[in-house]
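Fold and contact review
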Amino acid sequence: MSNLPQYNFDEKPAFSSNKLPLITLGARLITLACLLVSWAVLQTNAVTLKDGDKLNYDHYRSYSYTLFAVIAGVVYSILHIPFAIYFLITMKRLISHKLFRLIEFYYYTLPTATGAAAMLGATMDLLRIRYENDNSKKHDFLNLMFIPAAFLLAGFVGSGISSVLSSFSLHKDYTLFAVIAGAVYNLLHIPFAIYFLIRKKRLINHKVFRQIELYGDKIIFGIVATGAGTALGATMDLQKIVYNDDNSKYHDFLNLMYIPSAFVWAGFATSGISSILSSLSFHKE
C-alpha cells in the first residue's frame, strides 16, 4: 500500500501549472486566425452575373448566419485572449468565478460549430443544383465557399480544445449541471412529443420553433455527452488514488457513482436518437 499514490488535496497538478496556460493561449490564437481567414474569404467572395446582379454571401441565409457566427467567434476570441495571456504569465485566472467559467466553456464552440455546419451543408446541397443561368459562375462561387468552411472547421477544433481545457476546473459540479440541464429540457419537450404522438401533427409547426428544437437537441446532446464522459472518467481516475484518511469510505462513495454515470450514458444514447430524429424531420421539410 505504501507504494501506491497518496492523495494530497493541496497539491496542484503539474499539467495545470505548466502546459495548460500555454496550450489555452495557443488554441485561442489559432482559432482567431482561422476565423479571420474565414471571415475575409466569406465576405469578399462574389461574382457578377449576366444580368448585372452581384452574387455574394448575402444571397443565402446559411452564409449570412455563418458570417454572424464567425464575427461572434472573432469578438469572443479577442475578448478572451487577454485572459489567456494573464493566465500564462501569472499561472492563475483573472476571473475564476464559476459562472464565468461556465460561460467560457459553453459559448466558445457554439458559433463555430453551428456556423461550420450551416456553411458546409448549404454549400454541398447548392452545388447539386444545375442553374439555368450563370451555372458555371454560381458553381465557382459555391466551390470557393469550401475555403472559409474549412478554416471555420479548424477554428471549431481550436475552440473545442480551449473549451475542454476550460472545463478542467468544472469537473466537480459539471455532471450534475449536465443532468439538470438535460432533465429540464426534456420535461419542457415531453408534452410536445405526447401531442405529436396523439394528434400525428406538431403542436407548434413554425420553422423558427423547429430550428430552436433542432439546435436545442444538438446542444443538450453535447452537454449530456460531456457530462457522461466527465462522470465516468473522473470516477475511474479517482478510484486509483489511496486516500490518507477514510480511504474505504471514499472508495465506497466513488463506487456508487458508477450508477448515475451509467444512467447518464443511457440518457446520452437516447438524446442522440432524439437528435437524429429531429434532424431527419427538419431535413424533409
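Residues numbered from 1 in each chain as written. Predicted model: local features only at pLDDT ≥ 70, side-chain atom pairs only at ≥ 80, totals over all residues. Heavy atoms only, no water.

Named according to an unreviewed UniProt entry, the protein is CASP-like protein originating from Nicotiana attenuata. Word for word, the UniProt comment on the protein under Subcellular location (unreviewed entry) is "Cell membrane". Its UniProt record, at the heading Sequence similarities (unreviewed entry), says of the protein: "Belongs to the Casparian strip membrane proteins (CASP) family." (UniProt positions renumbered as here; feature names shortened; annotations may be inferred.)

A look at the overall build of the protein
Helices and strands together make up the secondary structure of the protein, namely 11 helices and two strands. N-terminal to C-terminal, the α/β element order of the protein is α-α-β-β-α-α-α-α-α-α-α-α-α. Relative to its full complement of 285 residues, the protein shows a buried share of 36%. The long-range fraction of contacts in the protein, counting pairs at least 24 apart against all pairs at least 6 apart in sequence, stands at 76%. Surface summary for the protein: the accessible area is close to 17200 Å², and the carbon and sulfur share equals 68%. (Helix = DSSP H or I, 4+ residues; strand = E, 2+ residues; numbered from the N terminus. Buried < 20%, exposed > 50% of the residue type's maximum accessible area, 1.4 Å probe, protein only. Contact = heavy atoms within 4.5 Å. Areas by Shrake-Rupley, 256 points an atom, 1.4 Å probe, with all protein chains shown as cover.)

What to know about the nonpolar core
Among the nonpolar cores identified, the biggest contains 17 residues, and Leu42, Tyr63, Phe141, Leu142 and Met145 are the most heavily contacted of them. Secondary-structure elements contributing two or more residues to this core are α3 (61–90), α5 (109–126) and α6 (135–144). Here this core gets three residues from one element, more than from any other, and that element is α5. Excluding anything up to four places from it in sequence, leucine 42 contacts Tyr57, Tyr63, Thr66, Leu67, Met119, Met145 and Pro148. If you look at the next biggest cluster of nonpolar residues, it comprises nine residues, including Leu25, Val70, Ile81 and Leu152. (Core = buried A, V, L, I, M, F, W, Y, C linked by side-chain atoms within 4.5 Å.)

Describing the packing of helix α2 (residues 20–44) against α3
It is the contact of α2 with α3, at a shortest axis distance of 8 Å, that shows an interaxial angle of 155°. When the axes of α2 and α3 are compared, the pair comes out roughly antiparallel. Helix-helix and strand crossings are classified by hand; for α2 and α3 the assignment is left-handed. (Axes fitted to C-alpha atoms, helices over the stretch in contact; angles between N-to-C directions. Parallel < 35°, antiparallel > 145°, perpendicular 65-115°, else oblique. Left-handed = near helix turned anticlockwise from the far one by under 90°.)

Observations concerning the environment of isoleucine 220
Position of isoleucine 220 among the secondary structure elements: in helix α9 (residues 207–238). Judged by its relative accessible area of 11%, isoleucine 220 is buried. Sequence separation between isoleucine 220 and asparagine 186 is 34 residues; the distance between their C-alpha atoms is 9.3 Å. When residues no more than four places from it in sequence are discounted, the contact partners of isoleucine 220 are Ala181, Gly182 and Tyr185.

Some remarks on the confidence of the model for the protein
Low pLDDT marks regions whose predicted coordinates should not be analysed in detail. Confidence in the prediction of the protein, expressed as mean pLDDT, is 77, and 81% of residues score 70 or more. When mean pLDDT is compared element by element in the protein, strand β1 (residues 47–48) scores highest at 92, while helix α1 (residues 14–18) scores lowest at 49. Low pLDDT, under 50, characterises residues 4–16; the stretch is placed with 18 contacts to residues that sit more than four places away or in other chains. (pLDDT = per-residue confidence, 0-100.)

Some points on the side chain of aspartate 134
One can find aspartate 134 in the loop between α5 and α6. Leave out the neighbours within four places in its chain, and aspartate 134 touches Leu49 and Lys50.

Concerning the packing of aromatic side chains
One pass over the full model with this rule turns up four aromatic pairs. Arranged with centres 5.4 Å apart and planes meeting at 70°, the rings of tyrosine 60 and tyrosine 63 form a pair that is edge-to-face. A single burial state applies to tyrosine 60 and to tyrosine 63, both of which are buried. Seen in terms of ring centroids, tyrosine 60 and phenylalanine 141 are 6.2 Å apart; in terms of plane orientation they differ by 20°. Their pairing is stacked. Residue tyrosine 60 is located in the loop between β2 (54–55) and α3, and its partner phenylalanine 141 is located in helix α6; the two are separated by 81 residues in the primary sequence. In this structure, tyrosine 60 and phenylalanine 141 share a single accessibility class: buried. Grouping aromatic residues by their ring pairs yields a cluster made of Tyr60, Tyr63 and Phe141. (Phe/Tyr/Trp six-rings, centres within 6.5 Å; stacked < 30°, edge-to-face > 60°.)

A look at α3
With 30 residues, α3 should reach 44 Å at 1.5 Å per residue; the first-to-last C-alpha distance of 44 Å fits that figure. Taking the largest bend as the criterion, α3 deviates by roughly 30°, centred on histidine 80, and proline proline 82 comes between one and four positions later. Phi turns positive, to about 60°, at methionine 91, one or two residues after α3. (Expected span 1.5 Å × (residues − 1). Bend = angle between axes of the 7 residues up to and from the residue.)

Digging into a nonpolar patch on the surface
A cluster of nonpolar side chains, Ile23, Leu153, Phe156, Val157 and Ile161, forms an exposed patch at the surface whose accessible area comes to about 390 Å². Its place among the elements puts isoleucine 23 in helix α2. (Patch = residues over 30% accessible without salt bridge, like charges linked within 9 Å, V, L, I, M, F, W, Y side chains within 5 Å. Salt bridge = Lys/Arg side-chain N within 4 Å of Asp/Glu carboxyl O.)

Concerning the side chain of serine 38
Relative to the helices and strands, serine 38 resides in helix α2. Taking relative accessible area as the criterion, serine 38 reaches 0% and is therefore assigned buried. For serine 38, the side chain forms a polar contact with the main-chain oxygen of proline 148, separated by 3.0 Å. In this view, serine 38 contacts Val70, Pro148, Phe151 and Leu152; residues no more than four positions away in its chain are not counted. (Polar contact = N/O pair within 3.5 Å; in protein donor to acceptor, adjacent residues only side chain to side chain.)

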